[in-house]
Amino acid sequence: MPQKLGQHFLRRPATLEKIAAAAIPEHADQVIEIGAGEGVLTERLLERAGKVYAIEVDPELVARLMMRFRGEPRLKIVAQDVLATDLTQWGRAVVTGNLPYYITSPVIERTLAMGKLLERAVFLIQKEVAERVTAKPGSRDYGFLTVATQLHAHSKLLFKVPPGAFSPPPRVDSAVIRLDPLPANELGDPTPMLAFLGLCFKHKRKTLRNNLAPIFGRETIESQPEAGLRAEQLTLEQFRDLYRRMTGG
Ligand code: SAM
């Protein structure tokens, strides 16, 4: 199996069951699975969902999925790169998967960008990234990925999964996270805040003064009480406040 596609297959039935139950506690009308592989999670998702869209890029695995689920009308196998797939095309859905780790961040980003069409997301990802997504302000792992996620969703690290649960075992520990989108009325257009956060975290070790002065001018940032702090010390609410004061928005 080409390791370049992040192909580490889950072998533990109990872990697969836990992921399926976290993604779909009762029933879901539609589920998108990213990186279906040999279909071990797909099978459990079909038990809980009306319709499953299984995205898989490797043609050999696509062929195996077709054989395994021959004649299953509730499964649509989507044979393409997830990063070239419009995740909103099927309407509102749960998104889940044992993700190929090399594209974890862009997959999370695209999933959150589904906005109101995202019902819930549950992903098995590398533990380090799970800790970054769910970190608290001031902690070592807190950063752009944490606040960018908070703009769209509440996140929770559900449980850890050791390398031995996979075949072949990955070199890193893994963990399952759940993302629950914020209520529709709290989901504004995230674009300006994302750009602002990108600037604040541009050089993680630098102060906000040094990161923001080139864009906003030294005078504007100097008058803010947060000027001497680093981005990793601020909560999302504090970033919002600072942004409002600096832009008058
Ligand atoms: N779901 C299976 C399991 O739990 O055993 C496989 C998980 S494996 C970690 C990740 C899967 O994602 C592999 O089957 C791999 O071929 C697939 N994959 C890798 N890159 C992809 C991409 N860009 N788009 C869609 N699938 C991809």
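Once a new chain begins, its residue numbering starts again from 1 and follows that chain's sequence as written. pLDDT decides what is reported in this predicted model: residues at 70 or higher carry local features, side-chain atom pairs at 80 or more are listed and counted, and totals for whole chains, interfaces and linings draw on all residues regardless. Think of the side-chain values as coming from all heavy atoms in the structure, minus any hydrogens and water.

(A) The arrangement of the site of the ligand in detail. Taken together, 23 residues are adjacent to the ligand, and Gln7, Gly35, Glu56, Asn98 and Tyr102 come closest. Counting of polar contacts relies on pairs of N or O atoms within 3.5 Å, with two restrictions inside protein: one atom must be capable of donating a hydrogen and the other of accepting it, and residues adjacent in sequence are counted only when both atoms are side-chain atoms. Val57 is positioned such that a nitrogen or oxygen atom in its backbone is 3.4 Å from a nitrogen atom of the ligand. Contact between the ligand and Asp81: a nitrogen atom at 2.9 Å from a side-chain N or O atom of the residue. Only the protein chains shown count as cover for residues, and all accessible areas are computed by the Shrake-Rupley method using a 1.4 Å probe. In the complex, the protein chains occlude 99% of the 590 Å² of accessible area that the ligand would expose alone. Three residue categories are used. Nonpolar comprises Ala, Val, Leu, Ile, Met, Phe, Trp, Tyr, Cys and Pro, charged comprises Asp, Glu, Lys and Arg, and polar comprises the others, including Gly. Class assignment of the residues belonging to the shell around the ligand gives a composition of 12 nonpolar, 7 polar and 4 charged. Being near a molecule or strand, for a residue, comes down to having at least one heavy atom within 4 Å of it.

(B) How the structure looks around the sheet that holds strand β9 (residues 174–181). Strand order in the open sheet made by the 7 strands is β4-β3-β2-β5-β6-β9-β7, with mixed pairing throughout. A strand with exactly one partner marks an edge of an open sheet, and here the two such strands are β4 (75–78) and β7 (153–161). Adjacent strand axes in the sheet meet at a mean angle of 20°, parallel and antiparallel pairs treated alike. Here 8 bridges tie β7 to β9, and the two strands are oriented antiparallel to one another. Counted as the bridge partner of Ser155 is Leu179 from β9. Every residue pair with non-hydrogen atoms within 4.5 Å of one another is taken to be in contact. Every axis in this analysis is a line fitted to C-alpha atoms, fitted for helices over the stretch in contact. Angles between the N-to-C directions lie between 0 and 180 degrees. The helix and strand labels rest on DSSP assignments: H or I over at least four residues marks a helix, E over at least two residues marks a strand, and numbering proceeds from the N terminus. Contacts from helix α4 (residues 104–112) reach β2 (28–34), β5 (93–98), β6 (118–126), β7 and β9 within the one sheet, and its direction differs from that of β6 by about 175°. Any two strands with at least two DSSP bridges between them are considered paired.

Purely geometric numbers; function is a separate question.
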